[in-house]
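Report on the structure
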Amino acid sequence: MKTAYTCFCTDVIHEGHLNIIANARKYGRVVVGCLSDKALIRYNRFPTVSQENRLKLYRSLDGVDEVVIQDDMLYDDVITLIKPDYVIHGDNWKEGPESAIRKHVDELVSAYGGEIIDVPYTYSDKVKKIDLVLRAKLAMPEYRRKRLRDLIKMTPIVKAMEAHSGLTGLIVEKTVVEVDGKLDQFDAMWISSLCDSTAKGKPDIELVDMTSRFRTIDDITEVTTKPIIFDGDTGGLTEHFVYTVRSLERMGVSAVIIEDKKGLKKNSLFGTEVQQTQATIEEFCEKIRAGKEAQLTEDFMIIARIESLILEKGMEDALARARAFVDAGADGIMIHSRKKDPAEIIEFCDKFRAEDSTTPIVVVPSSFNSITEEELADHGVNIVIYANQLTRAAFPAMKKTAEDILKHHRAMEVDDSLMSIKEIITLIDEL
Ligand code: SPV
Ligand code: MG
């Protein structure tokens, strides 16, 4: 008997999947692949149903003979194992980034005389509604908040990108690329104090107040589903920080990162060029403890950011602080550096990991930008934050457009470098 294989990555079975199974049955024994969490988060949106429950769901379907885990979005392993005569898929994978996966599957199965069967994709109001409901569920605070902790367990390194508005949030949410046949996307959003302040034309000195920062979070949460890491600056007064923790939790934010500075905070990338004061270990531990006590859910994370390398206080100071902050209850450590060479970050991570194998490490490679995600993960880093690149990309493009329109006394000359009006209006989803 021949074998027909199809890979599912869905949380809800709808008429489209039943149609795939019905088609597969015409060709032989039906084997369904359940795309693993690890692969799914790179390929599609975050699952609302656990891998174990997806397996159960697929196994319960009439017409399915066997369910296996597909651990990679490329089909190599599963095809070597099963050698299906047919691979069945909705024909939507002929377009866009997924077409690279289809091409690869075609090469794999053609090598032994197998075949791809493209089934017309089921477009219906019901299918569209299911998709919208799943997205809305992912955006709910109680689902969104816990996702950062889940991601840390699921993937070697969580990739967060800066967002400071609904539009930049949408870019982080929706950007998917195909490289070497695999799809990739960001996992989370970083609400940077630098970029949030810059977008408002203000300096990054805790001048933009929390009410305004929360407004930015609201703008972003309204149109996205990915988890949020909030740049909490110094956290302010401990008496204020406890309120901030409660508000962030309520909004569905997954983590706040606070830095061990006090008084007038300036951006870390100024380093020692400006006057900046580091809080004592005792002062900062007190703030962490108060925050952890105020926190109501298990999900939320308070991550302690260490400024010792920025302020040239040395590696030992950074490590002593890391130890103390973890003891005070910090759920993670962010170590920062403004050196171009990643050596001091690597040294910190290696030394910290030698004594603490579990506390998540966060880094922001704005200056030490040559190091790759894989290298960071090899040194024990769990979260990488691209903290300001969208703002730095947009600003020069807008400035040049403004200058060119002034020079030419009309807008025709800039038109070729602009997104079309049609594209901009279709960028935004309608309910
Ligand atoms: C931010 O993005 O606001 C940060 C990171 O705090 S840095 O600008 O490098 O200090
Ligand atoms: Mg900041």
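It should be emphasised that the depicted structure is a prediction, and the values quoted were computed from it without experimental measurement. (Residues numbered from 1 in each chain as written. Chains lettered and ligands numbered in written order. Predicted model: local features only at pLDDT ≥ 70, side-chain atom pairs only at ≥ 80, totals over all residues. Heavy atoms only, no water.)

Digging into the overall build of the chain
When helices and strands are tallied, the chain shows 18 helices and 17 strands. For 431 residues, the compact-globule estimate of 2.2 N^0.38 gives 22 Å, and the chain sits close to it at 24 Å. Dimensions of the chain, computed from C-alpha atoms along their principal axes, come out at roughly 75 × 65 × 40 Å. Considering only residue pairs separated by 6 or more positions, the chain has 75% of its internal contacts joining residues 24 or more positions apart. Surface summary for the chain: the accessible area is close to 20800 Å², and the carbon and sulfur share equals 54%. Of the side chains in the chain, 57 bear a positive and 73 a negative charge, and the two mean positions are spaced by 2 Å. (Helix = DSSP H or I, 4+ residues; strand = E, 2+ residues; numbered from the N terminus. Rg over C-alpha atoms; globule rule 2.2 N^0.38 Å. Contact = heavy atoms within 4.5 Å. Areas by Shrake-Rupley, 256 points an atom, 1.4 Å probe, with all protein chains shown as cover. Lys, Arg positive; Asp, Glu negative; His and termini not counted. Charge placed at Lys NZ, Arg CZ, Asp CG, Glu CD.)

A look at the coordination of the magnesium ion (ligand 2)
Each protein donor to the magnesium ion (ligand 2) is listed here as S193 (OG) and D231 (OD); together their distances run 2.1 to 2.2 Å. Residue S193 is located in helix 10 (residues 193–199), and its partner D231 is located in strand 10 (residues 228–231); the two are separated by 38 residues in the primary sequence. In this structure, S193 and D231 share a single accessibility class: buried. (Donors = N, O, S within 2.8 Å, 3.2 Å for Na, K, Ca; no water. Buried < 20%, exposed > 50% of the residue type's maximum accessible area, 1.4 Å probe, protein only.)

Examining the side chain of D37
Position of D37 among the secondary structure elements: in helix 2 (residues 37–43). For D37, a relative accessible area of 14% gives the class buried. In this structure, D37 is in contact with P47, Q51, R54 and M154, ignoring residues within four places of it in sequence.

Some remarks on the nonpolar core
I217, L248, F325, I335 and F348 are the most contacted members of the largest nonpolar core, which totals 49 residues. The biggest single contributor to this core is helix 14 (residues 315–327), with 6 residues. Apart from residues lying up to four places away in sequence, F348 is in contact with I306, M315, A318, L319, A322, I333 and I335. Counting 22 residues, the second-largest nonpolar core is a separate cluster that includes I41, L138, W190 and I303. (Core = buried A, V, L, I, M, F, W, Y, C linked by side-chain atoms within 4.5 Å.)

Digging into the sheet that holds strand 3 (residues 66–70)
Across the sheet, which stays open at both edges, the 5 strands sit in the order 3-2-1-4-5 with parallel pairing between neighbours. The strands lining the two open edges of the sheet, one partner per strand, are strand 3 and strand 5 (115–119). Across this sheet, the average inter-strand angle for adjacent strands is 30°, counted without regard to direction. As defined by bridge partners, strand 1 (residues 3–8) adjoins strand 4 (residues 86–90) across 2 bridges and the pair is classed as parallel. If you follow Y5 over to strand 4, its bridge partner there is V87. Across the sheet, helix 1 (residues 15–25) lies against strand 1, strand 2 (29–35), strand 4 and strand 5, angled at about 165° from strand 1, the strand it touches most. With respect to the sheet, helix 3 (residues 51–59) is in contact with strand 1, strand 2 and strand 3, its orientation differing from that of strand 2 by roughly 165°. (Pairing = 2+ DSSP bridges. Axes fitted to C-alpha atoms, helices over the stretch in contact; angles between N-to-C directions.)

Observations regarding the site of ligand 1
Taken together, the residues surrounding ligand 1 are W190, S192, S193, L194, D231, N267, S268, L269, R305, H336 and A387. Between ligand 1 and S193, the relevant distance is 3.1 Å, taken from an oxygen atom to a side-chain nitrogen or oxygen of the residue. Within the side chain of N267, a nitrogen or oxygen atom sits 2.9 Å from an oxygen atom of ligand 1. Contact with the protein chains removes 99% of the 280 Å² of surface that ligand 1 exposes when unbound. Of all the cavities here, the one that holds ligand 1 is the largest cavity. The class makeup of the residues in the shell around ligand 1 is 4 nonpolar, 5 polar and 2 charged. (Near = heavy atom within 4 Å. Polar contact = N/O pair within 3.5 Å; in protein donor to acceptor, adjacent residues only side chain to side chain. 1 Å grid on protein atoms, 1.4 Å probe; cavity = no way out; pocket = protein on both sides within 12 Å on 5 of 7 lines; lining within 4 Å. Sits in = over half its atoms within 2 Å of the grid points. Nonpolar A, V, L, I, M, F, W, Y, C, P; charged D, E, K, R; others polar.)

Topic: the pattern of salt bridges
Following the criterion strictly, the structure yields 38 salt bridges and no others. Here R45 makes a salt bridge to D131, at a shortest N to O gap of 2.9 Å. Pair noted here: R45 is in the loop between helix 2 and helix 3 and D131 is in helix 6 (residues 125–139), with a separation of 86 residues, a long-range link. Residue R45 is classed as partly exposed on the basis of its relative accessible area, which comes to 25%. The shortest N-O distance in the salt bridge between E344 and K339 comes to 3.2 Å. In this structure, a network of salt bridges that share partners links the residues D196, K200, D204, R213, D233 and K265. (Salt bridge = Lys/Arg side-chain N within 4 Å of Asp/Glu carboxyl O.)

What about the sheet that holds strand 9 (residues 188–191)?
Pairing is parallel around the closed barrel formed by 8 strands, whose spatial order is 6-9-10-11-14-15-16-17. Taken pair by pair, the neighbouring strands of this sheet meet at an average axis angle of 25°, ignoring direction. Here 3 bridges tie strand 10 to strand 11 (residues 255–259), and the two strands are oriented parallel to one another. Each residue of the ladder has a partner; that of I229, found in strand 11, is A255. Each of strand 9 and strand 10 is contacted by helix 11 (residues 210–221), which is oriented at about 160° to strand 10, the strand it contacts most.

Remarks on the packing of helix 12 (residues 238–251) against helix 13 (residues 281–294)
Here helix 12 crosses helix 13 at 40°, and the two axes come no closer than 9 Å. Viewed along their axes, helix 12 and helix 13 adopt a mutual orientation that is oblique. Judged by the twist between their axes, the crossing of helix 12 over helix 13 is right-handed. For the pair helix 12 and helix 13, contact is made by T238, F241, V242, V245, R246 and E249 and by E286, K287, A290, G291 and A294, respectively. Considering only residue class, the contact of helix 12 with helix 13 consists of 5 nonpolar, 2 polar and 4 charged. (Parallel < 35°, antiparallel > 145°, perpendicular 65-115°, else oblique. Left-handed = near helix turned anticlockwise from the far one by under 90°.)

Regarding the domain arrangement of the chain
Along its sequence, the chain is carved into domain 1 (3–129), domain 2 (140–387) and domain 3 (393–425). The gap between the C-alpha centroids of domain 2 and domain 3 is 34 Å. (Domains from an automatic or database assignment.)

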